[in-house]
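Topology and contacts: notes
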Amino acid sequence: MGKVIVVTSGKGGVGKTTSSAALGAALAQRGEKVVVVDFDVGLRNLDLVMGAERRVVYDLVNVIQGEAKLTQALIRDKRLETLFLLPASQTRDKDALTPEGVELVMAELKRVFDWVICDSPAGIERGATLAMRHADMAVVVTNPEVSSVRDSDRIIGLLDSKTLKAERGERMEKHLLLTRYDPNRAERGDMLKVEDVLEILSIPLIGIIPESMDVLRASNIGAPVTLADARSAPAMAYFDAARRLAGEVLPITIPGEKRGLFGKIFGRRAA
Ligand SMILES: Nc1ncnc2c1ncn2[C@@H]1O[C@H](COP(=O)(O)OP(=O)(O)OP(=O)(O)O)[C@@H](O)[C@H]1O
Ligand SMILES: [Mg+2]
């Protein structure tokens, strides 16, 4: 059975779709069979970021409403054999996703794929709760600023109460992915420090993705950044985050700082 991961945040525009595509591609680049599912009904961004927008014929809502089989809606990536996309619908009807329909689709995807990565819409409404409902693990995407951290805290509350795991009394594994981190702004004190975000949210850190033009360039050519420029700083940070998702233990460094994060925390404690 595959693992279901929800990429969620509460706040909009923090990098969920970018991260879903990059983590999905990074796992597929390791040979794992991956599907990224766009739950953002009405907006449909993931197909653009993955360069598949012209191939979309059927989508998640068509599958749920019985208008297409799952195999008809899945789009195989042009570059990676083991990476697939299940696009969102452009319908304006936000109720087009039903809990029963989502349950059937998720069950089928879990049987076929090693990883099912659900790109959540922003907010804490129905779309976001449906995207997290079947998750085994959550990646909470947060920018180092107060409003983003506050919304992530609300999402953590929902992950611990509104998911199937929570209803079964099981613990939802949650990981913090800090994105759009700018060392210069951090240095000037214009952004929250990594340690402060960790202290407020109190969930394990899975990666720090630097603010980078490489992300924009990748999105412009319709490729996840790990495929567009595998040697760029954001790509390497996403590769490491994907390895940590798969259970590897790797040291984390803060972009722009030489010492490792844990060394830094340890150093401070020891002082
Ligand atoms: N590390 C980064 N460096 C620079 N730009 C970034 C980075 N990550 C994301 N962006 C940019 O930020 C914008 C929002 O990213 P994205 O669409 O992934 O966010 P989102 O959380 O999915 O948004 P929404 O809530 O609307 O779904 C995009 O223009 C994207 O290119
Ligand atoms: Mg998005």
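The structure we're discussing is the one just above.
For the structure given in this document, a descriptive report is provided here. Predicted model, so just to flag it, every value in this text is computed and none were measured.

Each value, and the rule that gives it
- Residues numbered from 1 in each chain as written.
- Chains lettered and ligands numbered in written order.
- Predicted model: local features only at pLDDT ≥ 70, side-chain atom pairs only at ≥ 80, totals over all residues.
- Heavy atoms only, no water.
- Helix = DSSP H or I, 4+ residues; strand = E, 2+ residues; numbered from the N terminus.
- Rg over C-alpha atoms; globule rule 2.2 N^0.38 Å.
- Buried < 20%, exposed > 50% of the residue type's maximum accessible area, 1.4 Å probe, protein only.
- Contact = heavy atoms within 4.5 Å.
- Areas by Shrake-Rupley, 256 points an atom, 1.4 Å probe, with all protein chains shown as cover.
- Lys, Arg positive; Asp, Glu negative; His and termini not counted.
- Charge placed at Lys NZ, Arg CZ, Asp CG, Glu CD.
- Near = heavy atom within 4 Å.
- Polar contact = N/O pair within 3.5 Å; in protein donor to acceptor, adjacent residues only side chain to side chain.
- 1 Å grid on protein atoms, 1.4 Å probe; cavity = no way out; pocket = protein on both sides within 12 Å on 5 of 7 lines; lining within 4 Å.
- Sits in = over half its atoms within 2 Å of the grid points.
- Nonpolar A, V, L, I, M, F, W, Y, C, P; charged D, E, K, R; others polar.
- Salt bridge = Lys/Arg side-chain N within 4 Å of Asp/Glu carboxyl O.

Turning our eyes to something else, we now look at the overall build of the protein. Assigned secondary structure in the protein consists of 14 helices and eight strands. For 271 residues, the compact-globule estimate of 2.2 N^0.38 gives 18 Å, and the protein sits close to it at 18 Å. Along the longest, intermediate and shortest principal axes, the C-alpha atoms of the protein span 65 × 40 × 30 Å. For the protein, with 271 residues in total, the buried portion stands at 54%. Considering only intrachain contacts with a sequence separation of at least 6, the fraction spanning at least 24 residues in the protein is 74%. As displayed, the protein has an accessible area near 12800 Å², and 48% of this comes from carbon and sulfur atoms. Of note, the protein has its 38 positive side-chain charges centred 2 Å away from the centre of its 37 negative side-chain charges.

Below, the discussion takes up the side chain of H134. Relative to the assigned elements, H134 resides in the loop between α6 (126-133) and β6 (137-142). By relative accessible area, which is 14% here, H134 ends up buried. The contact partners of H134, leaving out residues within four places of it in the chain, are V4, V102, E103, M106 and L164.

With that settled, the discussion passes to the site of ligand 1. Taken together, 16 residues lie around ligand 1, and G13, K16, T17, T18 and R180 are the ones closest in. Measuring from an oxygen atom of ligand 1, one finds a side-chain N or O atom of K16 at 2.7 Å. R180 places a polar side-chain atom, nitrogen or oxygen, 2.9 Å from an oxygen atom of ligand 1. A total of 630 Å² of accessible area belongs to ligand 1 in isolation, and the protein chains cover 82% of it. Counting atoms within 2 Å of the grid points, the majority share of ligand 1 lands in the largest pocket. Looking at the shell around ligand 1, the elements with two or more residues in it are α1 (16-29), β8 (205-210) and α11 (213-220). Sort the elements by how many residues they give to the shell around ligand 1 and α1 lands first, with three residues. Here the shell around ligand 1 is composed, by residue class, of six nonpolar, six polar and four charged.

When their charged atoms lie close together, side chains carrying opposite charge are able to pair. Counted under the stated rule, the structure contains 13 salt bridges. Residue R79 is joined to D77 by a salt bridge in which the shortest nitrogen-to-oxygen separation is 2.9 Å. Of the residues examined, R79 reaches a relative accessible area of 36% and is grouped as partly exposed. With a shortest N-O distance of 2.8 Å, R217 and D214 are connected by a salt bridge. Linking R217 with D214, this pair stays in helix α11, spanning three residues, or about one helical turn. Take R217: its relative accessible area is 49%, and that puts it in the partly exposed class. Note on D214: relative accessible area 17%, which makes it buried. When salt bridges with common partners are traced through the structure, they connect R30, R243 and E248 into a single cluster.

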